[in-house]
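Topology and contacts: notes
Here's the letter readout for the chains.
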Amino acid sequence: MIDPFGRRVSYLRVSVTDRCDLRCVYCMSEDMTFLPKAEVLTLEELDRLCGAFIGLGVEKIRLTGGEPLVRKNVISLFRSLGDRIGTGGLKELTVTTNGTQLVKMADDLYSAGVRRINVSLDTLDPATFTAVTRWGKIDQTLDGIFAAKAAGLAIKINAVALKGVNEHEFDRMLAWCGEHGFDLCLIETMPLGEIGGDRTDQYLPLSTVRTRLRENWTLEDSDYRTGGPARYYTVRETGRRIGFITPLTHNFCESCNRVRLTCTGTLYMCLGQDDAADLRRPLRDPTLDEAGLQEAILEAISRKPKGHDFVIDRSRKTPAVARHMSVTGG
Ligand code: SAM
Ligand code: SF4
């Protein structure tokens, strides 16, 4: 699949549910309305759609959400996708999770074929964790992280940089990640969805964070890529990597190789644009076979835009994109 700007689309992110057991302040409002269950594709339908994408050249699939691991029986989707790794055409199956379910699911994820996971952890401070997630308990996520490590999964910690909230913690987090063998990826807040607060209060440019980190750490340029938008450095003192995802200070669209599928079968060709394609209709159309479904996918790819136009400024009262990250899948 090649888009109109010559970029090869080989990475599919799938939001398997818009629901979550936490309510992170930058992601959701406290009283979120979730999709009626009837609108959500079954796990079998999601598997069929993913299969059509793999047939068109998708090599990497990340399941995300909402919290992907709270969807009932989601492990069956991991297993069926895991069966396609190798000769089935898929090279990598991975997941982004808040870690709360990992104690019970880490071994199953490994046996389904998952080898690397991203776990979101914005702070190491229990009180800050509860404040950011609105009611989460840090021990549940930390226990999950260590269960995943024990299961043999490589771990990358994702932390959203929040002004005045966790900005003084990054040295400590980098040391903690080094100690336990985790990579760390810092993310700027993106203006997605109403969250019941002012985002300009949260926004912290990562250029500032990087400069501050360099006072204590040697960040060596690295050409490591994961197929995602992060820019990586190797931390000489720990030997681990640190990545920076900077949608606002640096436009990462030139090398974009991915599209995003929601749990209702809507395909977003860009995280930061509203244009989308409905794949649920062709998926449920009994007159269409896999080739018909793939035709609908290719039509959508032909509309993939050049890039997003996120801005966070005080004069703009509404988010750049109305839907939440939990809908499109972060
Ligand atoms: N629930 C899972 C988790 O938290 O890892 C997966 C879904 S979550 C939407 C995926 C990632 O998006 C998380 O790392 C989260 O911190 C990030 N995220 C959510 N809203 C964001 C926003 N407005 N700006 C930047 N990152 C955001
Ligand atoms: Fe849930 Fe993840 Fe959003 Fe936090 S970032 S509210 S854990 S979906």
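Before any of the text, the structure's been laid out above.
Scope of this entry: the structure provided in the associated data block. Owing to the predicted nature of the structure, the values given are computational and were not obtained by experimental measurement.

Reading the values: rules and limits
Residues numbered from 1 in each chain as written. Chains lettered and ligands numbered in written order. Predicted model: local features only at pLDDT ≥ 70, side-chain atom pairs only at ≥ 80, totals over all residues. Heavy atoms only, no water. Salt bridge = Lys/Arg side-chain N within 4 Å of Asp/Glu carboxyl O. Buried < 20%, exposed > 50% of the residue type's maximum accessible area, 1.4 Å probe, protein only. Helix = DSSP H or I, 4+ residues; strand = E, 2+ residues; numbered from the N terminus. Pairing = 2+ DSSP bridges. Axes fitted to C-alpha atoms, helices over the stretch in contact; angles between N-to-C directions. Contact = heavy atoms within 4.5 Å. Near = heavy atom within 4 Å. Polar contact = N/O pair within 3.5 Å; in protein donor to acceptor, adjacent residues only side chain to side chain. Areas by Shrake-Rupley, 256 points an atom, 1.4 Å probe, with all protein chains shown as cover. Nonpolar A, V, L, I, M, F, W, Y, C, P; charged D, E, K, R; others polar. Phe/Tyr/Trp six-rings, centres within 6.5 Å; stacked < 30°, edge-to-face > 60°.

Here the structure, examined in full by the defined rule, presents 15 salt bridges. The partner of Asp 3 in a salt bridge is Arg 7, and the shortest N-O contact between them spans 2.7 Å. The exposure class assigned to Arg 7 is buried, which follows from its relative accessible area of 8%. One salt bridge connects Asp 275 with Arg 303, and the closest N-O pair in it is separated by 2.9 Å. Residue Asp 275 is located in the loop between strand 11 (266–268) and strand 12 (276–278), and its partner Arg 303 is located in the loop between helix 9 (290–301) and helix 10 (325–328); the two are separated by 28 residues in the primary sequence. With a relative accessible area of 35%, Asp 275 lands in the partly exposed category. Bridged by salt links that share partners, the residues Arg 8, Glu 59 and Lys 91 form one connected network.

Let us look at the sheet that holds strand 1 (residues 11–15). The strands that make up a sheet are held in pairs by hydrogen bonds between backbone atoms, and each pair lies either parallel or antiparallel. On the basis of which strands lie adjacent, the open sheet formed by 12 strands has the order 7-8-9-6-5-4-3-2-1-10-11-12 and mixed pairing. The open sheet has two edge strands, strand 7 (219–221) and strand 12, and neither has a second partner. For this sheet, the mean angle separating the axes of adjacent strands, direction not counted, is 25°. Against the sheet, helix 7 (residues 206–213) contacts strand 6 (183–187), strand 7, strand 8 (231–235) and strand 9 (241–245), and its axis sits at roughly 155° relative to strand 9.

Close to ligand 1 lie 19 residues; Tyr 26, Gly 66, Glu 67, Ser 120 and Met 190 are nearest. One nitrogen or oxygen atom from the main chain of Thr 97 is found 3.2 Å from an oxygen atom belonging to ligand 1. One nitrogen or oxygen atom from the main chain of Met 190 is found 2.7 Å from a nitrogen atom belonging to ligand 1. Bound to the protein, ligand 1 loses 96% of the 550 Å² it would expose on its own. Every element with two or more residues in the shell around ligand 1 is listed here: strand 3 (92–97) and strand 5 (154–160). Class assignment for the residues of the shell around ligand 1 results in 6 nonpolar, 10 polar and 3 charged.

Below, the discussion takes up the site of ligand 2. Around ligand 2, the neighbouring residues are Cys 20, Leu 22, Arg 23, Cys 24, Cys 27, Met 28, Gly 66 and Asn 98. Among the residues forming the shell around ligand 2, the class breakdown is 5 nonpolar, 2 polar and 1 charged.

Mapping Ile 242 onto the fold places it in strand 9. Relative accessible area serves as the criterion here: at 0%, Ile 242 is assigned to the buried category. Ignoring any residue separated from it by four or fewer positions in sequence, one finds Ile 242 in contact with Leu 174, Leu 184, Leu 186, Leu 213, Leu 219, Arg 231, Tyr 232, Tyr 233 and Val 235.

Applying the stated criterion across every chain, the model contains 4 aromatic pairs. Taken together, a centroid distance of 5.5 Å and an interplanar angle of 65° make the contact between Trp 176 and Phe 182 edge-to-face. You'll find Trp 176 and Phe 182 in the same group, each marked buried. Seen in terms of ring centroids, Tyr 233 and Phe 244 are 5.7 Å apart; in terms of plane orientation they differ by 80°. Their pairing is edge-to-face.

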